[in-house]
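Chain and residue survey
The residues making up each chain are set out below.
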Amino acid sequence: MRYASIRKIDISNGEGVGVALFVQGCHFHCKNCFNSCTWDFSGGHEWTKEVKKYFFSLIDRKYIDRVTLLGGEPLTDENVSEVCEIIHIIRERFPDKKIWLYTGYSFDRIVTDSINDFSFTGESNKYVLARSTAVLSADVVVDGLFKDELKDYSLHWKGSSNQRVIDVKKTYKKYS
């Protein structure tokens, strides 16, 4: 995985004070995306052991309430395995920190694809399973493609009115 940037203190991509990791690479290429510099999978910086250690040290500060993963696209095939590992480590080391995840994928589609993929074949595509694991391990998912024609500057934590800010635990109950 590659990353575009890390915000040591982030107050715009979720509730409270957080750390934000902008992953590098996106296939969606939404018209007038605010972060089109993250589209190129070969751009940005290499996600090394040293960078990872630094990232987790930023999270390990008392005033950090949340960690936000966005991009680029965190759940694209090229990024999703490492994003799952990051989420797992956050859950393990920092269980009280909230995890926010921004994705162009639809939450509903991710969950139903995962159920259908396993149900019909008896085995699961590793990327389908990883996307499902990532969204169900987050506290809040902001889903949906940015749609320029639905752009609304008054919205909190999202850029267009089609996107949703999803409380994962509350929403997942409808699938149980």
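A brief structural summary. These figures come from a predicted structure and were not determined experimentally.

Before going further, it helps to examine the sheet that holds strand β7 (residues 164-167). With mixed pairing, 7 strands are arranged side by side in an open sheet as β3-β1-β2-β4-β5-β6-β7. In this open sheet, the two strands that pair with only one neighbour each are β3 (45-46) and β7. The sheet contact formed by strand β1 (residues 2-10) and β3 spans 2 bridges and is antiparallel. In the strand pairing of β3, tyrosine 3 is matched with histidine 45.

Here we take up the nonpolar core. Ile6, Leu21, Phe55, Leu69 and Leu101 are the most contacted members of the largest nonpolar core, which has 35 residues in total. Counting residues per element, the ones that place at least two in this core are β1, β2 (18-23), α1 (49-59), β4 (66-70), α2 (77-93), β5 (98-102), α3 (107-121) and α4 (126-137). A total of 7 residues in this core trace back to one element, the largest contributor, which is α2. Counting 8 residues, the second-largest nonpolar core is a separate cluster that includes Ala4, Trp100, Tyr102 and Val140.

Burial in α1 covers these residues: Val51, Lys52, Phe55, Phe56, Leu58 and Ile59. On an axial view of α1, the arc spanned by its buried residues comes to 150°, and they lie on one face. Opposite the buried face of α1, at more than 90 degrees from it, the exposed residues are Lys49, Glu50 and Lys53.

Moving on, we get to the packing of α1 against α2. At a minimum axis separation of 12 Å, α1 and α2 run at an interaxial angle of 40°. Relative to α2, the element α1 is oriented oblique. Relative to α2, α1 is oriented so that their crossing is right-handed. Contacts from Lys52, Phe55, Phe56 and Ile59 in α1 reach Glu82, Glu85, Ile86, Ile89, Ile90 and Arg93 in α2. Class assignment for the residues of the contact of α1 with α2 results in 6 nonpolar, no polar and 4 charged.

In this model α2 runs 25 Å from its N-terminal to its C-terminal C-alpha over 17 residues, within 8% of the 24 Å that 1.5 Å per residue would give. All of the buried residues in α2 are Asn79, Val80, Glu82, Val83, Cys84, Ile86, Ile87, Ile89 and Ile90.

Criteria and cut-off values
- Sequence positions are assigned chain by chain, starting from 1 and proceeding in written order.
- Local features in this predicted model are restricted to residues of pLDDT 70 or higher, and side-chain atom pairs are both shown and tallied only at a pLDDT of 80 or more, whereas totals for entire chains, interfaces and linings draw on every residue.
- Hydrogens and water are ignored here; the side-chain numbers use all heavy atoms of the structure.
- Here, strands pair whenever DSSP counts at least two bridges between them.
- What counts as a helix is a DSSP run of H or I of at least four residues, what counts as a strand is a run of E of at least two, and both are numbered from the N terminus.
- Residues belong to one nonpolar core when they are buried, are Ala, Val, Leu, Ile, Met, Phe, Trp, Tyr or Cys, and are joined through side-chain atoms within 4.5 Å.
- Exposure categories follow from relative accessible area, calculated using a 1.4 Å probe and restricted to protein chains: below 20% of the type maximum is buried, above 50% is exposed, and the middle band is partly exposed.
- Each C-beta atom gives one direction from the helix axis, and the arc is the one those directions make.
- Here the axes come from fitting lines to C-alpha atoms, over the contacting stretch only for helices, and the angles between their N-to-C directions go from 0 to 180 degrees.
- Any angle from 65 to 115 degrees is called roughly perpendicular, while one under 35 is roughly parallel, one over 145 is roughly antiparallel, and all others are oblique.
- Each crossing gets its handedness from the near helix: less than a right angle anticlockwise from the far helix is left-handed, clockwise is right-handed.
- Between two residues, a contact is recorded if the distance between any of their heavy atoms is within 4.5 Å.
- Residue polarity follows a fixed list, in which Ala, Val, Leu, Ile, Met, Phe, Trp, Tyr, Cys and Pro are nonpolar, Asp, Glu, Lys and Arg are charged, and the others, Gly among them, are polar.
- Expected span of a helix: the number of residues minus one, times 1.5 Å.

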